[in-house]
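# Observations on the model geometry
If you want the building blocks of each chain, they are given just below.
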Amino acid sequence: MTLSVRNLTISRGGLPLLECVSIDVPAGEALILRGPNGVGKTSLLRTLAGLQEAEAGEIDADPDELLYASHADGVKSQLTVVENLTFWAEVYGQTVPEEVYEHFELADLKSRLAGTLSAGQKRRLGLARLGVINRKVLLLDEPTVSLDQVSVKRFASFLQTTHLAAGGSALIATHIDLGLDAPTYDLSQNIAAPTPLDQDEAFL
Ligand SMILES: Nc1ncnc2c1ncn2[C@@H]1O[C@H](COP(=O)(O)OP(=O)(O)OP(=O)(O)O)[C@@H](O)[C@H]1O
């Protein structure tokens, strides 16, 4: 098992959000996180990535194998596409595999300043990090925002044939159907019961 979560309780901004979250993501598999806006998908991924504390519960994962990709592209606008990928590769002691440019449709954009890319092109550059950094457990928050249908398919294919096929795993918060062969976990079942204080406030 590359990621295992037991009875996790999460708050945000001092309010209880999710309770009793237990999920497993085995090697070579993805799990799709669903739930309505505000249910706590981002908060869960941030907690698993170590960016916020859980109130209770256990997380079993190797922090050195985790890679959290948030809504933000993390793209440096003053660097070219090649320079962005090279920068990330060097930070993680890797080199940029040439096929990454093909996978993420960046081959014709290599020398473009990232700041001049369209929203979808920027998102593809942000996602291309996943093909460079090479972590086993991906925590992906709405990875396909701004992508057209062809790019969504290509990304799903990258996950399936490159990342998962090599024994990696992925927990993916998304509102759209990525077309991945993966089970779904709906966080609606884990919405935390309101605290007595919340209930009092409801009558104010
Ligand atoms: N920095 C913050 N401080 C206080 N509350 C926050 C903060 N960020 C988010 N929240 C609240 O926490 C709750 C969960 O937010 P979160 O972003 O985890 O939901 P989500 O399921 O990812 O939503 P979406 O589908 O809209 O992306 C929401 O009610 C949100 O308003």
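Quantities reported herein were computed from a predicted structural model and do not represent experimental measurements.

How each quantity is defined
Residues numbered from 1 in each chain as written. Predicted model: local features only at pLDDT ≥ 70, side-chain atom pairs only at ≥ 80, totals over all residues. Axes fitted to C-alpha atoms, helices over the stretch in contact; angles between N-to-C directions. Helix = DSSP H or I, 4+ residues; strand = E, 2+ residues; numbered from the N terminus. Parallel < 35°, antiparallel > 145°, perpendicular 65-115°, else oblique. Left-handed = near helix turned anticlockwise from the far one by under 90°. Contact = placed C-beta atoms within 7 Å. Near = placed C-beta within 6 Å. Nonpolar A, V, L, I, M, F, W, Y, C, P; charged D, E, K, R; others polar. Pairing = 2+ DSSP bridges.

We now examine the packing of helix H2 (residues 81-91) against helix H4 (residues 119-133). The geometry of a pair of packed helices is captured by two quantities: the angle between their axes and the separation between those axes. Contact pair H2 / H4: the axes reach a minimum separation of 9 Å and the direction vectors enclose 40°. Classified by the angle between their axes, H2 and H4 sit oblique to one another. Every pair of crossing elements has a handedness; the one defined by H2 and H4 is right-handed. The segment H2 lies against H4, with Val81, Asn84, Leu85, Trp88 and Ala89 engaging Leu125, Ala128, Arg129, Val132 and Ile133.

As a further point, take the site of the ligand. By nearness alone, every residue bordering the ligand is listed as Arg12, Gly13, Leu17, Gly35, Asn37, Gly38, Val39, Gly40, Lys41, Thr42 and Ser43. Considering every element that reaches the shell around the ligand, the biggest residue donor is helix H1 (residues 41-48), with three residues. Counted by class, the shell around the ligand contains two nonpolar, seven polar and two charged residues.

In space, the three strands of this open sheet follow the order E2-E1-E4, with antiparallel pairing throughout. Of all the strands in the sheet, the pair left with one neighbour each is strand E2 (15-25) and strand E4 (56-60). When strand polarity is set aside, the average angle formed by the axes of neighbouring strands in this sheet is 25°. As defined by bridge partners, strand E1 (residues 3-12) adjoins E2 across seven bridges and the pair is classed as antiparallel. Across the sheet, serine 11 pairs through a bridge with proline 16, a residue of E2. Packing of H1 onto the sheet brings it into contact with E1, E2 and E4, and relative to E1 it is tilted by some 120°.

Right, let's get into the packing of H4 against helix H5 (residues 149-164). The contact between H4 and H5 brings their axes to 12 Å, and the two run at 0°. With respect to their mutual orientation, H4 and H5 come out roughly parallel. For the pair H4 and H5, the contacting residues are Gly120, Arg124, Leu127 and Gly131 in the first and Ser151, Phe155, Phe158 and Thr162 in the second. Looking at the contact of H4 with H5, its residues break down into three nonpolar, four polar and one charged.

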